[in-house]
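Report on the structure
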Amino acid sequence: MIISDWKVRDVDEIWRLCDLVKIVVLVKDIPDLTDIKIGQDRRPILVSVKRKINDLDKRALESAVQLKEKYGGEVVTLSLGDEKTRTTILDALSSGADSAYIINDKELIGLDALTTAKVLSFALKKLAPFDLVLCGEMSLDTLSSQIGARIAEILNISQVMYARRIDLVGNKIKVERELEYCEEVVEAELPAIVSVIREINEPRIPSLMNIMKAKRKPVIEWDSKTLGLSVEELKKLSAIEILDVKAPLVERKRIMIKGETPEEVAEKLVEALRSEGVLRDLQ
Amino acid sequence: MTGILVYSEDLDLQLQLLSKGRELSNNLAAKLYALVIGSNVEGHVASVLNYSDAVITIENKSLEHYDVELYKIGVVEAVKRVNPDVILIGATKFGKELAARTAAALDAGCMTECISLNIDKEGNLLAERLIYGGSSIALEKSRRKPHIAVISKNIFKRLEPSTKVAEVLRLDTDHPKSKVQILEKREKSKSDTGLEEASIIVAAGRGFKKKEDLDLLRELSSILGSKIGCTRPISADNGWLDEWIGISGKKVKPRLYIAFGISGTIQHAAGIRGSQIIVSVNQDEAAGIFEISDYGILGDLYTILPALIKVLKKVKKTES
Ligand SMILES: Cc1cc2nc3c(=O)[nH]c(=O)nc-3n(C[C@H](O)[C@H](O)[C@H](O)COP(=O)(O)OP(=O)(O)OC[C@H]3O[C@@H](n4cnc5c(N)ncnc54)[C@H](O)[C@@H]3O)c2cc1C
């Protein structure tokens, strides 16, 4: 348990003293990328593709659950999704989240990063007070990697991205983070938003009992009305429009080389590569 | 006159983006600005003088570390000053968080992982960007200024410097105490492995059981005169090699890429798409890597790799 004594912030009245750690994990359910087929017109086919929780968000959740195991408090997930998210989110509830909040509103599907971050920030204000928001460094479907930083700006809270280790020290959070040039250990005021990288942990595999229990955990659905959002204003604010999505043409020969012995296989390969002209230096 | 503002703390990347910015600025009749932020910017400023019309510098002791909250204030001030139509930011990790944070402060859109940029008839920015883990390409339009695009290294070519020297505009900015404090910083030894320029790459995946086993790959590599690459777990989890290939690592385009014990996930595949010929060795018939290979060998790398070394040695001997 940790006593947070941070001050009421100037921007929002919502941050108040609390004596338990509440961690909100941003969880996005995305199409299973290995399941996406490419159509005749080279467009990816997404209907009927299985959905699962973004791998990095699962790692963020695992970090949250580990912090909870150490310091107490509660872990809730927040997703901007649709009716299918109810099913996908069971995985998070089996893996240690106490409850799940899903923003499910047809009008809020297909928003850009700017408006998505606004919606999530509204929801986070409703979930306040919290000490920590955790998310993956990016979602593997859109690869936009913007949401965490945008929320930090909108809510004016500490921003620490690319975490490889997270711990609480007193009323601050201590994070080891990784950039191309250096590794940093930083300390940030709470509340903070922290994004995690793949190497932070291996998410646990939920036990059968926890999978059963998950079905009884609370799942709360919100829409634009509960959040007090004007859909019209959001749409006006949105800045990026997707015009088209195509898979690049991959034309590979896909020839399997076979032989009686490894040497025979190797000889055939070398022969093939020489006739391709890619072993220039040996020719 | 409109402007294009270009920022990256990585000098090479900034010069590449300034080169692309020059092309766009000709289309838009815009002024090209290089933005340099830091605690000691002199050297960096000197290097961009011949690549821009004006250099905006923000120099402040508090900007010693890559603190996104403080750097954001700098970018926002620069934007207020020159009111650019387009902002290009280098897609380093820091660049990405800075771009998103700045975009939020400006209530602007932002396109990341861009691989091409164009201006449409209305003056909007069009970008092609990678999505679905790098397996597809989306065409997106930014319909409101400022248009912000974030671009990785080696997407655009660096041009020759111009003989014109840019003017320098110094901005004074206030940077309050950040909510994030640095306790420790370890510089990484920068080893440029030359993967991006390599014409042959042999690469290791988790099919390798021990670090020492990479010696086999090194032997093959020295015969082929190639560079050695790997997947993310081999580098980031095991620490056996410095750099990995893929969507979050190096993107390579050799004429020959040979993958040993690599499963061929979307994230890895996105980094090798530009290869002319892809060869893979894997013991799992169903491995996805075979789908994106020109030549596949179903088998144990621990027998195929030595056989390949033997055959290549023989070939080399008889021909020299
Ligand atoms: C945000 C994010 C970004 C990522 N970015 C990247 C990236 O840029 N690059 C990257 O590579 N990964 C990336 N990954 C990780 C990626 O998802 C996979 O984990 C990784 O590519 C798998 O590496 P691998 O093929 O070496 O290992 P595995 O998937 O474990 O495959 C090992 C393969 O070796 C074969 N094998 C085993 N033993 C032998 C043997 N004796 N002989 C022959 N074959 C054998 C197996 O059949 C298997 O196919 C990223 C992940 C995330 C979440």
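Considerations on the overall build of chain B
In terms of helices and strands, chain B carries eight helices and 15 strands. Seen along its three principal axes, the alpha-carbon backbone of chain B occupies a region of about 65 × 50 × 40 Å. Across the 320 residues in chain B, those meeting the buried criterion constitute 61%. Taking the average place of the 44 positive charges on the side chains of chain B and the average place of its 41 negative ones, the gap between the two points comes to 1 Å.

Regarding the nonpolar core
Core analysis: the largest hydrophobic core is formed by 40 residues, its most contacted members being L273 of chain A together with F208, L220, L256 and F260 of chain B. Elements with a minimum of two residues in this core: α9 (262–276) of chain A together with β11 (200–204), α5 (214–224), β13 (256–260), β14 (277–282), β15 (295–298) and α8 (301–319) of chain B. Residue contributions to this core peak at nine residues, all from α8 of chain B. In this structure, V24, L179, I193 and W222 of chain A belong to the second largest nonpolar core, which totals 36 residues.

A closer look at the environment of K125 of chain A
Residues and elements named next belong to chain A. The residue K125 is located in helix α4 (residues 113–127) in this model. By relative accessible area, which is 34% here, K125 ends up partly exposed. Considered as a pair, K125 and S158 are 33 residues apart in the sequence and their alpha carbons are 15 Å apart.

Notes on the packing of aromatic side chains
Tallying each qualifying case throughout the model produces six aromatic pairs over all chains. Taken together, the ring pairs in this structure connect Y181 of chain A together with Y66, Y71 and F94 of chain B into an aromatic cluster. Here the basic side chain of K126 of chain A rests over the ring of W222 of chain A, its NZ or CZ set 5.4 Å away from the ring centre.

A few points about the confidence of the model for chain A
Per-residue confidence for chain A averages 90 on the pLDDT scale, and 92% of its residues sit at or above 70. Counted against residues more than four places away or in other chains, residues 1–18 of chain A, with its pLDDT under 50, gives 51 contacts.

Brief notes about empty space enclosed by the protein
Summary: where empty space remains is shown by rolling a probe the size of a single water molecule over the atoms. What the rule picks out here adds up to one cavity of 30 Å³ or more. Taken as a whole, the largest cavity holds about 30 Å³ of empty space. Breaking the lining of the largest cavity down by element, the ones donating at least two residues are α9 of chain A together with β13 and α8 of chain B. Classifying every residue of the lining of the largest cavity by side-chain character gives eight nonpolar, no polar and no charged.

Details of the interface of chain B and chain A
Taken together, the 89 residues of chain B in the interface contact 87 residues of chain A. Counting the surface lost from both chain B and chain A, the interface buries some 8000 Å², and carbon and sulfur atoms represent 56% of this. Scanning the region where chain B abuts chain A turns up 13 salt bridges. Among the salt bridges present, the one from D107 of chain B reaches K118 of chain A, with a minimum N-O distance of 3.0 Å. Taken together, the links from chain B to chain A amount to 51 residue pairs in polar contact (both at pLDDT 80 or more). Per element, the largest residue contribution to the side of chain B that touches chain A is 11 residues, and it comes from α8 of chain B.

Examining the confidence of the model for chain B
This prediction gives chain B a mean pLDDT of 95; 99% of its residues lie at or above 70. For this predicted complex, the interface confidence comes out at an ipTM of 0.91, alongside a pTM of 0.91.

What to know about the side chain of R252 of chain A
Within the element layout of this structure, R252 of chain A appears in the loop between β14 (240–246) and β15 (255–256). Overall, R252 of chain A belongs to the buried group, its relative accessible area being 15%. Of the polar contacts made by the side chain of R252 of chain A, one reaches the backbone oxygen of Q276 of chain B; its length is 2.9 Å. Polar side-chain contacts of R252 of chain A include one of 3.0 Å to the side chain of D294 of chain B. In contact with R252 of chain A, not counting residues within four places along its chain, are I272, R273, S275, Q276, I277, I278, E291, I292, S293 and D294 of chain B.

Rules used in this analysis
Residues numbered from 1 in each chain as written. Chains lettered and ligands numbered in written order. Predicted model: local features only at pLDDT ≥ 70, side-chain atom pairs only at ≥ 80, totals over all residues. Heavy atoms only, no water. Helix = DSSP H or I, 4+ residues; strand = E, 2+ residues; numbered from the N terminus. Buried < 20%, exposed > 50% of the residue type's maximum accessible area, 1.4 Å probe, protein only. Lys, Arg positive; Asp, Glu negative; His and termini not counted. Charge placed at Lys NZ, Arg CZ, Asp CG, Glu CD. Core = buried A, V, L, I, M, F, W, Y, C linked by side-chain atoms within 4.5 Å. Phe/Tyr/Trp six-rings, centres within 6.5 Å; stacked < 30°, edge-to-face > 60°. Lys NZ or Arg CZ within 6 Å of the ring centre and 35° of its normal. pLDDT = per-residue confidence, 0-100. Contact = heavy atoms within 4.5 Å. 1 Å grid on protein atoms, 1.4 Å probe; cavity = no way out; pocket = protein on both sides within 12 Å on 5 of 7 lines; lining within 4 Å. Points joined across faces, edges and corners; volume = space filled by probe spheres on them. Nonpolar A, V, L, I, M, F, W, Y, C, P; charged D, E, K, R; others polar. Buried area = accessible area lost by both parts, 1.4 Å probe. Salt bridge = Lys/Arg side-chain N within 4 Å of Asp/Glu carboxyl O. Polar contact = N/O pair within 3.5 Å; in protein donor to acceptor, adjacent residues only side chain to side chain.

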